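Chain residues, written in single-letter form:
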Amino acid sequence: MKNRIAPLLALAASLLPLAAETNYALQPVLHPGTEKRHESFNAISKQGAAQLVFLGDSITHFWSGEPKSSRVAGALTWDKYIAPHAPLNLGYGWDRTENVLWRLRHGEVKGLSPKAYVVLIGTNNLNTNTVAETVEGIEAVCAEIRTKSPGAKILLLGLLPRGERPDAMRQKAAEVNSMLVVSAPKICDRYIDLSARFIQPDGRITRAIMSDFLHPTDAGYEFMGKAIDDALKAWGL
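Sequence order sets the numbering: in each chain, residues are counted from 1 along the sequence as written. Where local features are concerned, this predicted model is filtered to residues with pLDDT of at least 70; where side-chain atom pairs are given and counted, the filter is 80 or more; whole-chain, interface and lining totals use all residues. Water and hydrogen atoms play no part in the side-chain values, which are based on all heavy atoms of the structure.

Visitor: How should I be thinking about the side chain of Thr-123 in this particular structure?
Guide: Numbering of helices and strands runs from the N terminus; a helix is a DSSP stretch of H or I covering at least four residues, while a strand is a stretch of E covering at least two. Checked against the element boundaries, Thr-123 lands in the loop between β3 (116-120) and α6 (131-148). Residue Thr-123 is classed as buried on the basis of its relative accessible area, which comes to 5%. N or O atoms within 3.5 Å of each other form a polar contact, as long as, within protein, one can give a hydrogen and the other can take it, and as long as residues adjacent in sequence are counted only when both atoms are side-chain atoms. Looking at Thr-123, its side chain comes within polar contact range of the side chain of Arg-162, at 2.8 Å. Every residue in contact with Thr-123, bar those within four places of it in the chain, is listed here: Asp-57, Leu-159, Arg-162 and Leu-214. Think of it in three bands: with a 1.4 Å probe and only protein chains considered, a residue is buried below 20% of the maximum accessible area for its type, exposed above 50%, and partly exposed in between. Whether two residues are in contact is decided by their heavy atoms, any of which lying within 4.5 Å being enough.

Put into structure tokens, the structure is as follows:
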């Protein structure tokens, strides 16, 4: 019996480092409860009309645009800056990088030939992933976009700051953005970090800019909309 157990224990021990090193931000998985929204996106994408595709979490989802969301926080700025670019909002509340990877691989952009993508994803990864793991997830999303839409531009937005006052989570977001500055030239066509626009001189974030210190108000989306519109126009889009 000992002769049988020893090899099994050795094998198990050899696999432990592999298990510890698994980065779940890279493992495509469906976000439970989003099946209907996923199906609606697949149907819209097959029509092939969108020229600008947004990928992200609730910050993107709640902005505005088609398909309609039950919660809309930035309709005015969406109509002002984004709507003229024929956009499709593929944001999902609570999404993480692994969820976006799953969607890209399961038809959500199939049939589309967009001129550009706007990507803002990763803040939800900070709850369980390290900074490096989150960056790897963001890089993987951009790589997947290149595979699905090789001719499209990628505008990558840095993670927005969060929390009323500076804390560990906001610091992690800032560290992600610092790492993205280095990797951006290899994974996207333009990288924009808008963090400073959301933070007051004393380090606070106000409810006038972020209603819950995470999701922008229309005033907060003004910063995003203007920056995105300017970038698209610089590309002639």
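Visitor: Would you explain the packing of aromatic side chains in this entry?
Guide: Aromatic rings in a pair are described by how distant their centres are and how their planes are angled relative to each other. Within 6.5 Å between ring centres, the rings of Phe, Tyr and Trp (the latter by its six-membered ring) count as paired, and their orientation is classed by plane angle as stacked under 30 degrees, edge-to-face over 60, tilted in between. In this structure the tally under the stated criterion is five aromatic pairs. With centroids separated by 5.4 Å and ring planes inclined at 80°, the aromatic side chains of Trp-63 and Trp-78 adopt a geometry described as edge-to-face. Placement of Trp-63 in the loop between α3 (58-61) and α4 (75-82) and of Trp-78 in helix α4 is noted, with a sequence separation of 15 residues between them. Within the aromatic cluster, the residues linked to one another by ring pairs are Phe-54, Trp-63, Trp-78 and Tyr-221.

Visitor: How should the nonpolar core be read in this particular structure?
Guide: Nonpolar side chains in soluble globular proteins tend to end up buried together. Ranked by size, the top nonpolar core spans 34 residues in total, and within it Leu-55, Tyr-117, Val-119, Ile-145, Leu-156, Val-176 and Leu-180 carry the most contacts. Among the secondary structure elements, those contributing two or more residues to this core are β1 (52-56), α5 (97-104), β3, α6, β4 (153-157) and α7 (168-187). Apart from the residues lying within four places of it in its own chain, the contact partners of Val-119 are Leu-55, Val-141, Ile-145, Ile-154, Leu-155, Leu-156 and Leu-157. The nonpolar core is taken to be a set of buried Ala, Val, Leu, Ile, Met, Phe, Trp, Tyr and Cys residues, with the residues joined through side-chain atoms within 4.5 Å. Counting 29 residues, the second largest nonpolar core, distinct from the first, contains Phe-62, Ala-116, Phe-198 and Ile-209.

Visitor: Would you mind showing me how to read the pairing of β1 here?
Guide: Two faces, one strand: in a regular strand the side chains alternate between the faces of the sheet. Taken across its five residues, β1 has five buried, putting it largely inside the fold. Residues Leu-52, Phe-54 and Gly-56 of β1 are buried on one face, and the alternating residues Val-53 and Leu-55, pointing to the opposite face, are buried as well. Summarising the sheet, β1 and strand β2 (residues 87-89) pair through three bridges and their orientation is parallel. Bridge pairing links Phe-54 to Asn-89 in β2. Strands were regarded as paired on the criterion that DSSP finds at least two bridges between them. Where β1 and β3 come together, five bridges link them in parallel fashion. Of the residues in β3, the one forming a bridge with Leu-52 is Ala-116.

Visitor: It is not clear to me how the side chain of Ser-183 should be interpreted in this structure. Could you clarify?
Guide: Mapped onto the elements of the fold, Ser-183 is located in helix α7. Given a relative accessible area of 6%, Ser-183 falls into the buried group. Apart from the residues within four sequence positions on either side, Ser-183 is in contact with Val-135 and Glu-139.

Visitor: Any chance you could explain the pairing of β4 here in plain terms?
Guide: Extensive coverage of β4 is indicated by the burial of four of its five residues. By the criterion used throughout, a crossover qualifies as right-handed when its path from the first strand across the helix to the second strand runs clockwise, the strands pointing away from the viewer. Note that the unit made of β3, α6 and β4 has a crossover that is right-handed. The pairing of β4 with strand β5 (residues 190-192) spans three bridges and is classified as parallel. Across the sheet, the residue bridging to Leu-157 is Ile-192, located in β5. Considered for its hand, the β-α-β crossover made up of β4, α7 and β5 is right-handed.

Visitor: Help me out: how do you make sense of the sheet that holds β1 in this one?
Guide: Hydrogen bonds between backbone atoms are what pair the strands of a sheet, whose relative direction is either parallel or antiparallel. Sheet architecture is open: five strands sit in the order β2-β1-β3-β4-β5, paired in parallel fashion. Sheet topology places β2 and β5 at the edges, where each strand pairs with a single neighbour. When the angles between neighbouring strand axes are averaged without regard to direction, this sheet yields 20°. Pairing between β3 and β4: four bridges, direction parallel. Within β4, the residue paired with Val-118 across the bridge is Leu-155. Helix axes use the C-alpha atoms of the stretch in contact, all axes being lines fitted to C-alpha atoms, and the angles between their N-to-C directions lie in the range 0 to 180 degrees.

Visitor: Looking at this structure, I do not really get the pattern of salt bridges. What am I missing?
Guide: Side chains that differ in sign of charge can pair as their charged atoms come close. The rule for a salt bridge is simple: a side-chain nitrogen of Lys or Arg has to be within 4 Å of a carboxyl oxygen of Asp or Glu. All told, the structure shown has 10 salt bridges when counted by the stated rule. Note that Asp-95 and Arg-103 form a salt bridge whose closest N and O atoms lie 2.8 Å from each other. The class for Asp-95 is buried, based on a relative accessible area of 0%. Judged by relative accessible area, Arg-103 falls into the buried class, the value being 3%. Of the charged contacts in the structure, one is a salt bridge between Asp-202 and Arg-204, with a shortest N-O distance of 2.8 Å. Taking relative accessible area as the criterion, Arg-204 reaches 25% and is therefore assigned partly exposed.

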